Amino acid sequence: MTSEFREKLEEALFPPFVALLVALICGDLLIMSYGQSPSSVYRLLIEGTWGNAYGFGQVLYKTTTLAFTGLAVSLGIRAGLFNVGAESQLAAGGFLAALVGLALSPAIPGFVAIPLCMIAAAAGGAVVGAIPGYLRVRFGAHEVIVTIMLNFVVLALLNWFIANHLHVPETLHTPEIRAGVVPRLSQYIPAFHGSAANLTIILALIVAALVWFGLFRTRRGYELRAVGLQPDAAEYGGVNVGGIWFRALTTSGAIAGLGGINYVLGYKHYYEDGFAGGSGFLGIAVALVGRNHPVGVILAALFFATLSQGGLAIHAFVPKQMVEVLQGVVILAVAMSVPEVRQALRLARKPAKA
Amino acid sequence: MTASPQQQTAQPGAIISMQRIDKSFGPVQANRDASLQVMPGEIHALVGENGAGKSTLMRILGGLMKPDGGMVEVNGRDVTGWSTNEAIDAGIGVVHQHFMLVPTLTVAENIVLGHEPLKNGMFDAARAIADVTALSSETGLAVSPARKISELSVGEAQRVEILKTLFRGAKILVLDEPTAVLSPPEVKELWTVLRRLRDAGGTIVLITHRLDEVMDLSDTITVMRAGRTIERLKTSATNPAEIARAMVGRDVALMSREAAAFGEVPAVGADRVYPPNDFSAALEVTDLVVTGARNTRVVDGVTFAIQPGEILGIAGVEGNGQTELIEAIAGLRKSVTGNIRIAGHDITDADVAERREAGLSHIPEDRHRRGLILDYSIADNLLLGLQSEFSRKGVLDADRIADNAQTMIESFDIRPPSPELPARALSGGNQQKVVIAREMGQDFTVLLASQPTRGVDVGAIEFIHDRLRAARAANKAILLVSAELNEVLALADRVAVMYRGRFAVVMPASEATEDVLGEYMIGTRKVSAA
Amino acid sequence: MNPFSFLTQMLRIAVPYLFAAGGGVIAERSGIISLGLEGFMLTGAFTATLGAHYSGSPWIGVLTGILGGLLFGLIHAIATIRYRADQVVVGIALNLLAVGTTRFFLKLAFASSSNSPRINGFAVNSAAYGFDNPLLWMGLLTAPVLAFLLYRTRYGLRVRAVGEHPEAAESVGIKVARVRYVAVALSGILAGLGGVYLALDQHQFTDQMTAGRGFIAVAAVIFGRWDPVRAALACLLFAAAETLQIQLQGNHVVASQFIEMIPYLLTIIALAGVVGRAVPPAALGKMER
């Protein structure tokens, strides 16, 4: 391992490590306030998630959605942009996938229908991502606020569509989608029987690999990272900074939109209002803890999914809401440690280089 | 004038005495055994080129930073390492080059900020205005207390900055490059103000690199260079040439001897004067106009041509439009009118990438901002601007990138020789070598070299100069901009002096000496541009 | 539709916005991005419920509500000022944390996943149309008080200086960090009061009862160009639209979802500068390294 690689690894791993520590301490306090013993609760959490096939399947299912939103946010951050709109991009993607899925005849084979739905999902997210991209380039409007506001607008719009036009009576979801069904993992690995885990996770891994390749092995990726690190130098290097910003936010939206497939085609086979359930915002946490690197994002997605599923597993002893508290604590702890760690490591390394 | 620094002995009765001051920022030593002795009631000019250490020394005096070593005495009291508040209380007022004024607040609010008058616990705006009005008429510094800073002219804003210090009872005023942003009439006004303040018993330290100001206004001059104090002169007993020589430093004669030692490279002074020839010019700039802040013409109609195998050096004090000229040619700044051609191709409307395609290379003056991405590796930085050429169908060619890095590191002696090292980890000289390797290692017709050896250690400087000469020998055209006059003299075939956005003169290097150029540089001599 | 009843309903809807937007204005004018208003409000609502429940007095509820909002405000301040954590992330994290902690303690204290037991609000005489609720008056007074604070006091002058040009403030001896701590703490208190009003008005705490009001407050701050009175007017505008939608419920003139969108669409338009530019305080979100 070269020393440069090790240094990068150190800077990347310290904050999540610190955060984990803080989360453990916080968890201890909360568990004890409920009169339970932390070690037994933690053991239960592990058993309920990685210790049995159903639990692990659920973890995989939740990881999938978080991987998409995490990748989406991390791509934006690599370009120096903050995409807080993953929630509505995810929902829009799922919605368009459902529309296409409902429009297609069930007779169309899966390997045609599914890719069509995927394209629709990506397109839906991309459109929602393109709006802040355009406003940033053309008007200098800060994408943080635009995406936050747009979240509400898009979700309200989708809600209107469902409530007024597309819903099955007494519910807030569309009719069942027959074409474009993504098979459950339990079809191939019987142990996962009953869990929502489906082949979309393969898609997530493929997208992660593509993001990695795109960022670190292509010219556009080189330019995108340059814009995120030092826009003046990128401009000097002939890069069209505004063009990169627009494409980055649009692609980010597309990736988040693709994540909609997990629920809509892989789990419930319908679009349901509110299915995103905060995964878009958690994607920010995933990107942060994953240090904006595809590998880190997958691992962070696994972590948060484990926490989430673990909450259900320990519900008899401690309210699952404890997990939500821990999520918030972890995000805060990582956010607070990143600048500190960076400064501390820079100071520690100074004498070596002259 | 020798190159060795002189130890400044403490003057008895000095109101400011700074001795043996050391201050470093990481690997950069901004002050090296620097000193300053200011007598009460004088206007004292602190001169030196960019990076000489003047601002750092004044920041230490003003309490904005603490020295690593040395002693500071004010009014006979040891105040080494004090805070800004203590400095303000002791009567030191600093007027910064970049104004410390809040644009959305009014003149009066800015002046009283931090010492706001209160009435019944509320901010007494009327009293603030009254106090400011009184101070303004007392000192003759005309301001409109109720106007917002954003509405003021630069000269007015500067008066507000000065009033701010006087409001806090400043008896010692330090002004950092005060005329950098003023028009000639505003400069005259400032002179009057400063003289009046001196006559009223104040002491003034003026940081500047403009020699005309120094001669007009000051009583005593301290010259700094490369972090050290070189000379302390009585204004009445010296002249601009002597000052310029102290500022500029490294022996010009020494330089050219070293150059000749390289053998094939022609010695300085060889007459290589090429009159502009439309059909063979490598770079042709015609009537270029660039506007800056508040629509001033920072480049005011520049015309020149450079032939292949020629170095045109632009001398001149920084801030006369050189930066904007280079940026406009490079495509990083829009020009208002004018024409730019490379080997006959009109690139006036071309973007940065297209200009590179046309054969333009650019060593930017700020390598940290423009020239390098500090978090990228050496290998990746060697691609900046060339990323399309190192990729096939959008995918980066890892092998060629690695080979390129190897080759560049070897031929430009970049240390440490690890291609994966982030550029941040290199010394300034090696960082600059990366930029130069990239810009000169590719095929180019014209090279823009802006402050190519700034912040670079002596060994690397010679290396870089050698490379520039080699490029010239290979028939490339080079536009060199440097604040180091001797660098221009050592390398250029023709020398232009840029003053207030125009070429004050263009002459063959054989005729160029510091004395002659110096007068064009400070504007006391003018000739219509060649 | 009775104009008087419209007005009174509009004012009651506006109160949480007025409080939270006031908090947002002061924090952002000092240079700290304020996206945690939703979390402050929710926490304030919950702690107010706790206080009112265990003491029986709504005023104790107000006190505990203020403390709850203040606590979260201080966490935000410490994380962003002392630790220089990314201000957007901290805001979002605190929102998530507020949801999680209120749910957790809701379970712990009241053994419920959805709501607390009923609490005493301020005795509301229906003939008074809500004007006998002291919090309503406090909410309406937020904007003028903040305007006074910002434009007439020494502290307000310093806040404005710090939010535009912290180096200039630093150079005259003002402690930038301290000014910001106070501003963010105030934003916690004010947004918390918005939550207090909600809980006492509805006589209970329900899970996620703030329902995005904190973000409408953010929209009001931006749409009001970071001025307390203009932001308050924006709050009233948004509340008016909401009231309109409620009162027109039966008529289906425009679907409720589109009325919901109004504050957010207006903010996007303001940011794009279509109707004059919304320029934030110059130092907003920037931290000196």
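### Some words on the overall build of chain B
Then step 1. Secondary structure assignment for chain B yields 18 helices and 24 strands.
Then step 2. Every one of the 530 residues in chain B was classed for burial, and the buried ones make up 49%.
Then step 3. Sequence separation of at least 24 residues holds for 67% of the intrachain contacts in chain B that already meet a minimum separation of 6.

### What to know about the overall build of chain A
Then step 1. Assigned secondary structure in chain A consists of 14 helices and zero strands.
Then step 2. In chain A, the order of α-helices and β-strands from amino to carboxyl end is α-α-α-α-α-α-α-α-α-α-α-α-α-α.
Then step 3. Taken over C-alpha atoms, the radius of gyration comes to 21 Å for chain A, in line with the 20 Å a tight globule of 354 residues would show.
Then step 4. Dimensions of chain A, computed from the C-alpha atoms along their principal axes, are close to 70 × 60 × 35 Å.

### Digging into the nonpolar core
Then step 1. If you look at the biggest cluster of nonpolar residues, it comprises 386 residues, and the most contacted ones within it are Ala 335 of chain A together with Ala 220 and Cys 235 of chain C.
Then step 2. Among the elements that make up this core, the one with the highest residue count is helix H8 (residues 176-202) of chain C (16 residues).
Then step 3. Of the residues that make up this core, three or more belong to each of domain 1 (16-248) and domain 2 (252-365 + 445-521) of chain B.
Then step 4. Ignoring sequence-local partners within four residues, the contact set of Cys 235 of chain C consists of Ala 14, Tyr 17, Leu 18, Ala 21 and Ala 220 of chain C.

### A word on the interface of chain C and chain A
Then step 1. With 34 residues of chain C at the interface, the matching set in chain A holds 38 residues.
Then step 2. Only helix H4 (87-110), helix H9 (213-223) and helix H11 (256-272) of chain C provide two or more residues apiece to the side of chain C that touches chain A.
Then step 3. Take the side of chain C that touches chain A: its biggest share by element is 14 residues, from H4 of chain C.
Then step 4. Residue composition of the side of chain C that touches chain A, grouped by class: 23 nonpolar, six polar and five charged.

### Describing the environment of Lys 66 of chain B
Then step 1. In this structure, Lys 66 of chain B sits in the loop between helix H1 (54-61) and strand E4 (69-74).
Then step 2. Residues Lys 66 of chain B and Thr 56 of chain B, 10 residues apart in the sequence, show an inter-C-alpha distance of 9.9 Å.

### Looking at the sheet that holds strand E9 (residues 172-176) of chain B
Residues and elements named next belong to chain B.
Then step 1. Spatially, the six strands line up as an open sheet ordered E6-E9-E10-E3-E11-E12, and their pairing is mixed. Here the strands that pair on one side only, and so sit at the sheet edges, are strand E6 (92-95) and strand E12 (228-234). The sheet shows a mean angle of 15° between the axes of neighbouring strands, taken without regard to direction.
Then step 2. In this structure, strand E3 (residues 43-47) lies alongside strand E11 (residues 220-225), joined through four bridges in parallel fashion.

### So, the confidence of the model for chain A
Then step 1. Here chain A averages 89 in pLDDT, and 98% of its residues register 70 or above.
Then step 2. Helix H10 (residues 241-258) of chain A holds the highest mean pLDDT among the elements of chain A, 97, whereas helix H1 (residues 3-33) of chain A holds the lowest, 82.

### Examining the domain arrangement of chain B
All names here are of chain B.
Then step 1. Segmentation of chain B into domains returns domain 1 (16-248) and domain 2 (252-365 + 445-521).
Then step 2. If you average the C-alpha positions of domain 1 and of domain 2, the two centres end up 34 Å apart.
Then step 3. If one sorts the elements of the side of domain 1 that touches domain 2 by residue count, helix H8 (residues 240-248) sits on top with five residues.
Then step 4. Grouping the amino acids of the side of domain 1 that touches domain 2 by side-chain chemistry returns six nonpolar, three polar and three charged.

### Some remarks on the interface of chain B and chain A
Then step 1. On the side of chain A, 19 residues touch chain B, which itself brings 26 residues to the contact.
Then step 2. If you list the elements that add at least two residues to the side of chain B that touches chain A, you get helix H11 (352-357), helix H12 (367-371) and strand E20 (395-396) of chain B.

### A look at H10 of chain A
Then step 1. Along its 18 residues, H10 of chain A runs 26 Å from first to last C-alpha, staying within 8% of the 26 Å computed at 1.5 Å per residue.
Then step 2. Extensive coverage of H10 of chain A is indicated by the burial of 14 of its 18 residues.

### Notes on unusual backbone geometry
Then step 1. The linkage connecting Arg 415 of chain B with the following residue, Pro 416 of chain B, adopts the cis geometry, with an omega of -5°.
Then step 2. Mapped onto the elements of the fold, Pro 416 of chain B is located in the loop between helix H14 (398-411) and helix H15 (428-441).
Then step 3. One non-glycine residue, Asp 413 of chain B, adopts positive backbone phi at about 50°.
Then step 4. One non-glycine residue with positive phi stands out, namely Ala 111 of chain C, at about 55°.
Then step 5. In this structure, Ala 111 of chain C sits in the loop between H4 and helix H5 (134-152).

### So, the sheet that holds strand E1 (residues 16-25) of chain B
Residue and element names in this part refer to chain B.
Then step 1. Spatially, four strands are ordered E2-E1-E4-E5 in an open sheet, and the strand pairing comes out antiparallel. Where the open sheet ends on each side, the last strands, each with one partner, are strand E2 (28-38) and strand E5 (77-78).
Then step 2. Two strands pair when backbone bridges link them, and E4 and E5 are joined in this way by two bridges, in the antiparallel orientation. Within E5, the position partnered with Glu 73 by the bridge is Asp 78.
Then step 3. Packed on one face of the sheet, H1 meets E1, E2 and E4 and runs near 115° to E1.

### Structural notes on the environment of Trp 226 of chain C
Residues and elements named next belong to chain C.
Then step 1. If you trace the backbone, Trp 226 turns up in the loop between H9 and helix H10 (228-247).
Then step 2. Counting along the chain gives 52 residues from Trp 226 to Ala 278, while the straight-line C-alpha distance between them is 8.6 Å.
Then step 3. Setting aside its immediate chain neighbours within four residues, Trp 226 contacts Val 25, Glu 28, Arg 29, Val 221, Pro 280 and Pro 281.

### Re the environment of Ala 191 of chain C
Residues and elements named next belong to chain C.
Then step 1. Residue placement: Ala 191 occurs in helix H8.
Then step 2. We classify Ala 191 as buried; it has 35 C-beta atoms within 10 Å.
Then step 3. A C-alpha to C-alpha distance of 23 Å links Ala 191 and Arg 154, two positions 37 residues apart in sequence.
Then step 4. With residues near it in sequence (within four places) discarded, Ala 191 still touches Phe 19, Ala 20, Gly 23, Leu 37, Phe 40, Met 41, Gly 44, Gly 69 and Gly 214.

### Focus on the confidence of the model for chain B
As a general rule, the predicted coordinates of low-pLDDT regions are not to be interpreted in detail.
Residues and elements named next belong to chain B.
Then step 1. Chain-level statistics for chain B give a pLDDT mean of 84 and a share of 89% at 70 or above.
Then step 2. Here residues 1-7 is modelled with pLDDT under 50, and outside its nearest four sequence neighbours on either side it reaches 11 contacts, counting other chains as well.
Then step 3. Note on residues 251-278: pLDDT under 50 across the span, and 36 contacts to partners over four residues away in sequence or across chains.
Then step 4. ipTM for the predicted complex: 0.87, alongside a pTM of 0.85.

### Some details on the packing of helix H8 (residues 219-229) of chain A against H10 of chain A
All names here are of chain A.
Then step 1. At a minimum axis separation of 10 Å, H8 and H10 run at an interaxial angle of 105°. It follows that H8 is roughly perpendicular to H10 by the angle criterion. Residues Glu 223, Leu 224 and Val 227 of H8 lie in contact with H10, whose contacting residues are Val 241, Ile 244 and Ala 248.
Then step 2. Partitioning the contact of H8 with H10 into residue classes produces five nonpolar, no polar and one charged.

### Description of H8 of chain C
Residues and elements named next belong to chain C.
Then step 1. Here H8 is 27 residues long and its end C-alpha atoms lie 39 Å apart, about the 39 Å a rise of 1.5 Å per residue gives.
Then step 2. The buried fraction of H8 amounts to 22 of the 27 residues, a majority that puts the element mostly inside the structure.
Then step 3. Of the residues one or two after H8, His 203 is the one with positive phi, at around 60°.

### A closer look at the packing of helix H7 (residues 200-217) of chain A against H8 of chain A
Each packed pair of helices is defined by two parameters, the angle between the axes and the distance between the axes.
All names here are of chain A.
Then step 1. Running from N to C, H7 and H8 point in directions that differ by 75°, and their axes come no closer than 5 Å. Put simply, H7 runs roughly perpendicular to H8. The segment H7 lies against H8, with Gly 214, Leu 215, Phe 216 and Arg 217 engaging Arg 220, Gly 221, Leu 224 and Arg 225.
Then step 2. Across the contact of H7 with H8, the residue classes tally to three nonpolar, two polar and three charged.

Reading the values: the criteria
- Residues numbered from 1 in each chain as written.
- Chains lettered and ligands numbered in written order.
- Predicted model: local features only at pLDDT ≥ 70, side-chain atom pairs only at ≥ 80, totals over all residues.
- Helix = DSSP H or I, 4+ residues; strand = E, 2+ residues; numbered from the N terminus.
- Buried ≥ 20, exposed ≤ 12 C-beta atoms within 10 Å, placed from the backbone.
- Contact = placed C-beta atoms within 7 Å.
- Rg over C-alpha atoms; globule rule 2.2 N^0.38 Å.
- Core = buried A, V, L, I, M, F, W, Y, C linked by C-beta atoms within 7 Å.
- Domains from an automatic or database assignment.
- Nonpolar A, V, L, I, M, F, W, Y, C, P; charged D, E, K, R; others polar.
- Pairing = 2+ DSSP bridges.
- Axes fitted to C-alpha atoms, helices over the stretch in contact; angles between N-to-C directions.
- pLDDT = per-residue confidence, 0-100.
- Expected span 1.5 Å × (residues − 1).
- Parallel < 35°, antiparallel > 145°, perpendicular 65-115°, else oblique.

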